[in-house]
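Tertiary structure, described
Residues per chain, in single letters:
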Amino acid sequence: MVIFTIMSNFFDTIAAIATPIGFGGIGIIRVSGSFALSISEKIFEKKIIPNKINHGWIIYKNKKIDEAVVLYFKSPNSFTGEDVVEFQTHGSPVVIKEILEIILNEGARYAQKGEFTKRAFLNRKMDLTEAEAVLELINAKSAKSASKSALNLSGALSSMISELRNTLIQILAKITASIDFPEDVAEVSHLEIINALVPVKEKIEEVLKNASAHNILREGIKIAIIGRPNVGKSSLFNALLGLKRAIVTEIEGTTRDIITETFEIDGICATLVDTAGIRENENADMVEKIGIEQAKNAALDADIVLMLYDGAKGITPFDEEIFSKIKNKKRIFVAAKSDISNKTYAGSVSISSKTGENIELLKEKIKECLTDINIDANEFTTNQRQQESLKNALLAIENALFAAKENELIDLISIDIKSALVSLGEICGEVVNDEILDSIFDKFCIGK
């Protein structure tokens, strides 16, 4: 059972531009709702046939606007489950906006963020995990993240949740029947309840065990390069990226602001952060002081910190002072400038950004910091909302198991089982309210 309140304007016909704003070869305007076809035929020179490629001119007030391809998906065989018409025009921002304004003038309403996907959910074309997967697929930061999101979109997470709910529904049905019809149905034993709940508990624990990996796969990791001025932070930044992104000079304090760039490492999106050199300089200007403060904050915010020092000089007392402030982080000590020094240091990776020596070894060390992150443990991923619901379901099941082991009344145990069902139902949208829907679809772009 789906619990939500239908928006008063849910059955309005909506329209929006579905392609990014800007110049391109093609632009798409999407129209969805009961009047999508009638509005579209007012401005198209031909009768629009469903499931066919309709080619012709968009004409408004006897003026030819643009030549277009029009696709009509008749309800319920469309993305939203409603009548949907898509205009594929030339990709001029001016023309696309003009056509959208014409459609709005003819009776459509401008779509809200994610409203097309929200309608697909409300019309049972997809469940909530699949709707969220659409957004995650669009925002995927790596090929592996996109692959996992596609599996969610195909129903991998939904299938797992459905199996868990079916197990709980079956045992709850037996309990309810034995309570309502005690003369006809034998009372369910506590052992039967335990045997039904334990596999559900173990599966939820397995998924939650990999929650941090799911979050990192979706959001990526941050790697900050920290050190004194002129030890080679910007050079290392460029070497890891394989491009000249940061300015490198012999002048101390060249980098005065945070510079970030992304690259992929072992299927995970990594944001590399080049920071200003940290030093105590009473004569430093305001800009440099801000840069130093940002460098300290970047280290605190990072998942992995590269502690860089001059390999020709070794770790100085000031290096030690800087590094000692970086606590509770995964740290890799890096000795720079190995091309001008033959020194090696235990526990450090000696690299040369100039020659590329040991840059690949450093990348391997970064990968080793991720060995506790098993992104392939499940074929699906979970987001923080789903993880919170799983935690609530797990707590309810643990309470039910404790009560069953204590041989408490089964009607009391059924209350916790029902609570677990509600929490699992929130994940796929079987139980949902407007507040949850708004929080999800507000993250979408307009036109999706």
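Above this text you will find the structure in question.
Residues numbered from 1 in each chain as written. Predicted model: local features only at pLDDT ≥ 70, side-chain atom pairs only at ≥ 80, totals over all residues. Heavy atoms only, no water.

As for the overall build of the protein chain
What counts here: The numbering of helices and of strands both runs from the N terminus, where a helix is a DSSP run of H or I of at least 4 residues and a strand a run of E of at least 2. Whether a residue is buried, partly exposed or exposed follows from its accessible area with a 1.4 Å probe, protein chains only, as a fraction of its type maximum: under 20%, in between, or over 50%, in that order. Contacts are assigned to residue pairs with any non-hydrogen atoms lying within 4.5 Å of each other. Accessible areas in this description were obtained via Shrake-Rupley with a 1.4 Å probe; residue shielding takes into account the shown protein chains only.
Across its full length, the protein chain holds 15 helices and 12 strands. Burial status across the protein chain gives 49% buried among its 448 residues. Excluding contacts between residues fewer than 6 apart, the proportion of contacts in the protein chain whose partners are at least 24 apart in sequence is 67%. Taken as a whole, the protein chain presents about 22,100 Å² of accessible surface, with 52% of it coming from carbon and sulfur.

Examining unusual backbone geometry
Following Ser75, the chain continues to Pro76 via a peptide bond in cis, the omega torsion being 5°. Take Pro76: it is sitting in the loop between strand S4 (63–73) and strand S5 (84–91). For Lys61, which is not glycine, the phi torsion reads 55° and is therefore positive. Positionally, Lys61 belongs in the loop between strand S3 (53–60) and S4. One non-glycine residue, Asn407, lies in the positive phi region at around 60°. With respect to the helices and strands, the residue Asn407 is situated in the loop between helix H13 (384–405) and helix H14 (410–428). Here Asn407 falls in the exposed class, since its relative accessible area comes to 56%.

A few points about the layout of surface pockets
In this approach a probe as big as a water molecule rolls over the atoms, and the regions it shows empty are the leftover space. Selection criterion: Site definitions follow a grid-based scheme: protein atoms alone, a 1 Å grid, a 1.4 Å probe that fits but cannot get out for cavities, and for pockets an open set with protein on both sides within 12 Å along at least five of seven lines, plus lining residues having an atom within 4 Å of a point. Grid points are joined across faces, edges and corners, and a volume is the space filled by probe spheres set on the points.
Space inside the second largest pocket adds up to approximately 350 Å³. Considering the residues around the second largest pocket, the lining is formed by 16 residues, among which Leu135, Glu136, Arg218, Asn383 and Lys443 are closest to the centre. Those elements that provide at least two residues to the lining of the second largest pocket are helix H4 (128–138), helix H5 (143–153), helix H8 (211–219), H13 and helix H15 (434–441). Of all the elements, H4 adds the most residues to the lining of the second largest pocket, at 3 residues.

Some thoughts on the environment of Asp438
Mapped onto the secondary structure, Asp438 falls in helix H15. In sequence terms Asp438 and Glu115 are 323 residues apart; their C-alpha atoms lie 9.8 Å from each other.

Comments concerning the packing of H4 against H15
What counts here: Orientation is described by lines fitted to C-alpha atoms, with helices fitted over the stretch in contact, and by angles between N-to-C directions that extend from 0 to 180 degrees. Each angle receives one of four descriptions, namely roughly parallel if under 35 degrees, roughly antiparallel if over 145, roughly perpendicular if within 65 to 115, and oblique otherwise.
Look at H4 against H15: their axes get within 10 Å of each other, and the N-to-C directions meet at 20°. On the basis of their axis angle, the class for H4 and H15 is roughly parallel. Judged by residue contacts, Leu128, Ala131, Glu132 and Leu135 of H4 engage Ile436, Leu437, Ile440 and Phe441 from H15.

Quick look at the sheet that holds S4
Hydrogen bonding along the main chain pairs the strands of a sheet, whether they run parallel or antiparallel. Where we set the bar: Two strands make a pair as long as DSSP finds a minimum of two bridges between them.
In space, the 6 strands of this open sheet follow the order S3-S4-S5-S2-S1-S6, with mixed pairing throughout. Unpaired on one side and paired on the other, S3 and strand S6 (109–110) mark the two borders of the sheet. Two strands pair when backbone bridges link them, and strand S1 (residues 14–17) and S6 are joined in this way by 2 bridges, in the parallel orientation. Bridging from a neighbouring strand, Ile14 pairs with Arg109 of S6.

Some thoughts on a nonpolar patch on the surface
To be explicit about the condition: Patches here are clusters of residues that have more than 30% relative accessible area and form no salt bridge, with a 9 Å joining cutoff for like charges and a 5 Å cutoff for nonpolar side chains (Val, Leu, Ile, Met, Phe, Trp, Tyr). What makes a salt bridge here is a side-chain nitrogen of Lys or Arg within 4 Å of a carboxyl oxygen of Asp or Glu, nothing more.
Together, Leu409, Leu412 and Ile415 make up a nonpolar patch on the protein surface, roughly 300 Å² of accessible area in all. Tracing the backbone shows Leu412 in helix H14.

Thoughts on helix H1 (residues 36–43)
This is how the line gets drawn: The arc refers to the directions leading from the helix axis to the C-beta atoms.
Burial in H1 covers these residues: Ala36, Leu37, Ile39, Ser40 and Ile43. The buried residues of H1 occupy an angular sector of 165° when the element is viewed end-on, so they sit on one face.

Points about the packing of helix H3 (residues 115–122) against H15
Stated formally: Left-handed describes a crossing whose near helix is turned anticlockwise from the far helix through less than a right angle; right-handed describes the clockwise counterpart. Throughout this entry, Asp, Glu, Lys and Arg are counted as charged residues, while Ala, Val, Leu, Ile, Met, Phe, Trp, Tyr, Cys and Pro are counted as nonpolar. The remaining residues, Gly among them, count as polar.
Running from N to C, H3 and H15 point in directions that differ by 140°, and their axes come no closer than 10 Å. One finds that H3 runs oblique with respect to H15. Note that H3 runs across H15; the crossing there is right-handed. Mapping the contact onto sequence places Thr117, Lys118, Phe121 and Leu122 in H3 and Leu437, Asp438 and Phe441 in H15. Within the contact of H3 with H15, the residues separate by chemical class into 4 nonpolar, 1 polar and 2 charged.

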